[in-house]
Amino acid sequence: MRISLQAELGDFRDRRAIYVFALKMSFLAVTLSSIVIVLLLPPLDWGGLMPVPLAHGVVYGVLLSWLIGGAVSSVLSLIAGHAMHQLSVSRAEFEQLSRTDVLSGLLNRRAFTEALEQVDGNACLAIFDVDRFKAINDRFGHACGDSVIVAVSAILAAAFGGHSVAARLGGEEFGAIVVGGSQEQRIERVQSVCARLAGHPVVADDCVVALTVSAGIAEFEPARSNEAVYSAADKALYLAKALGRNRVVHENDGLHPGWRRRLPEEAVAAHAMNMDCDEARLA
């Protein structure tokens, strides 16, 4: 008789599965022991080793296997089931921790990379960066900087729920996969998040920190790799920073003539070089 652990054990994070497992294992153990008894007693009777008639011996053996064997196997199965339950819960908790950023509670970069692989069109990637975060740490201390990270994370988690997802990519940088709606609606969602962050100073350790966030956006497209989308969003974020921070730049915005007067020459040159490289790759 073949026992499939995957089928029999089920999901041991549910305690009900423990009792179902114990019942099945007890029934299986008693059934097997009854079969063994029925097979062993005839040779013993033929050899004259049975103290009682064969029919009585079979009845007594089967009854004892159900009473004693059933009780023992039930207890052992319950113990094994509880151990498997603890193992299953610990494994689930470990998996959750391995995918979650400890400070922010958002997905970490590894989990976010996996989420990028699941995107199926009608979505954009937004990369957020807290402006002048180093100055916040230097002025108010790292504990206050951590409070800023937690506050930003809470707003991102609330804004990008459901099919959308937010993550902490490292340091003061965050990412969000914004799913659904038109391109304009997705841009508005990102802009509203940045505006909300700018309008809600963080209060921590008797200090009030007014912060702003810059963001770069790039669109997912069927023939476009995730690396290309990430690179485009990162370039848009760089442009948002170069333009003075506290703004959202979409990859399609390009470098408008009015912006050139506000950018350092090296920033304009770097952006032009990136554009040339992108055109060369597409050619």
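Thresholds, definitions, all that
- Residues numbered from 1 in each chain as written.
- Predicted model: local features only at pLDDT ≥ 70, side-chain atom pairs only at ≥ 80, totals over all residues.
- Heavy atoms only, no water.
- Helix = DSSP H or I, 4+ residues; strand = E, 2+ residues; numbered from the N terminus.
- Buried < 20%, exposed > 50% of the residue type's maximum accessible area, 1.4 Å probe, protein only.
- Contact = heavy atoms within 4.5 Å.
- Areas by Shrake-Rupley, 256 points an atom, 1.4 Å probe, with all protein chains shown as cover.
- Salt bridge = Lys/Arg side-chain N within 4 Å of Asp/Glu carboxyl O.
- Expected span 1.5 Å × (residues − 1).
- Arc of directions from axis to C-beta.
- Core = buried A, V, L, I, M, F, W, Y, C linked by side-chain atoms within 4.5 Å.
- Phe/Tyr/Trp six-rings, centres within 6.5 Å; stacked < 30°, edge-to-face > 60°.
- Axes fitted to C-alpha atoms, helices over the stretch in contact; angles between N-to-C directions.
- Parallel < 35°, antiparallel > 145°, perpendicular 65-115°, else oblique.
- Nonpolar A, V, L, I, M, F, W, Y, C, P; charged D, E, K, R; others polar.
- pLDDT = per-residue confidence, 0-100.

Draft legend 1. Layout of the overall build of the protein. Along the backbone of the protein there are 10 helices and seven strands. Counting across all 283 residues of the protein, residues that qualify as buried make up 37%. Partitioning the intrachain contacts of the protein with sequence separation of at least 6 by distance along the chain shows that 66% fall at a separation of at least 24. As displayed, the protein has an accessible area near 16500 Å², and 60% of this comes from carbon and sulfur atoms.

Draft legend 2. Looking closely at the pattern of salt bridges. By the definition in use, this model includes eight salt bridges. Salt-bridge contacts for Arg-168 lead to Asp-101; the nearest nitrogen and oxygen are separated by 3.2 Å. With Arg-168 in strand 2 (residues 165-170) and Asp-101 in the loop between helix 3 (54-98) and helix 4 (109-117), this residue pair connects regions lying 67 residues apart in the sequence. The two residues Arg-168 and Asp-101 agree in class, both being buried.

Draft legend 3. Helix 7 (residues 183-198), seen in detail. End to end, helix 7 covers 23 Å across 16 residues, agreeing with the expected 22 Å (1.5 Å per residue, within 8%). Of the residues making up helix 7, those classed as buried are Arg-186, Ile-187, Val-190, Val-193, Cys-194 and Leu-197. Down the axis of helix 7, the smallest arc covering the buried residues is 120 degrees, so these residues share one side. Exposed side of helix 7, more than 90 degrees from the buried face: Glu-184, Glu-188 and Ala-195 are the residues found there. Buried residues belonging to helix 7 abut strand 1 (123-130), helix 6 (142-159), strand 3 (173-179), strand 6 (213-219) and strand 7 (248-250).

Draft legend 4. Structural view of the nonpolar core. If you look at the biggest cluster of nonpolar residues, it comprises 32 residues, and the most contacted ones within it are Phe-128 and Val-148. Put simply, the parts of the chain that give this core at least two residues each are strand 1, helix 5 (133-140), helix 6, strand 3, helix 7, strand 4 (202-204), strand 5 (207-209) and strand 6. A per-element tally of this core places helix 6 first, with six residues. The residues touching Phe-128, leaving out its near neighbours within four places in the chain, are Leu-156, Phe-160, Glu-172, Glu-173, Phe-174, Ala-176, Val-190, Val-193, Cys-194, Val-213, Ser-214 and Ala-215. Listed in part, the 19 residues of the second largest apolar core include Phe-112, Ala-123, Ala-218 and Ala-232.

Draft legend 5. Geometry of the packing of aromatic side chains. Inspection of every chain in the model, using the stated rule, returns one aromatic pair. With a centroid separation of 6.1 Å and 45 degrees between ring planes, the pair formed by Phe-128 and Phe-160 is classed as tilted. Of this pair, Phe-128 sits in strand 1 while Phe-160 is found in the loop between helix 6 and strand 2, placing the two residues 32 residues apart along the sequence. In this structure Phe-128 comes out as buried when scored by relative accessible area, which is 1%.

Draft legend 6. Summary view of the environment of Val-152. With respect to the helices, strands and loops of the structure, Val-152 is situated in helix 6. Separated by 20 residues in sequence, Val-152 and Glu-172 place their C-alpha atoms 9.2 Å apart.

Draft legend 7. Quick peek at the packing of helix 5 against helix 6. Viewed as axis vectors pointing N to C, helix 5 and helix 6 meet at an angle of 135 degrees, and their least axial separation amounts to 7 Å. Here helix 5 is positioned oblique relative to helix 6, judged by the angle of their axes. Only His-142, Cys-144, Gly-145, Val-148 and Ile-149 of helix 6 make contact with helix 5, whose side of the interface consists of Phe-133, Ile-136, Asn-137 and Phe-140. Classifying every residue of the contact of helix 5 with helix 6 by side-chain character gives six nonpolar, three polar and no charged.

Draft legend 8. Looking closely at unusual backbone geometry. Its identity is not glycine, yet Arg-132 carries a phi of approximately 50 degrees, on the positive side. With respect to the helices, strands and loops of the structure, Arg-132 is situated in the loop between strand 1 and helix 5. Even without a glycine there, the phi angle at Asn-246 is positive, about 55 degrees.

Draft legend 9. Main features of the side chain of Asn-108. Tracing the backbone through its elements, the reader meets Asn-108 in the loop between helix 3 and helix 4. Setting aside residues no more than four positions away along its own chain, Asn-108 makes contact with Ser-98, Arg-99, Thr-100, Asp-101, Ala-167 and Arg-168.

Draft legend 10. Layout of the confidence of the model for the protein. Summary statistics for the protein give a mean pLDDT of 78 and a share of 70% for residues scoring 70 or more. Below a pLDDT of 50 lies the segment residues 1-10, which in the model reaches nine contacts outside its immediate sequence neighbourhood of four places, other chains included. Taken as a whole, residues 257-261 scores under 50 in pLDDT and shows six contacts with residues more than four places along the chain or in a different chain.

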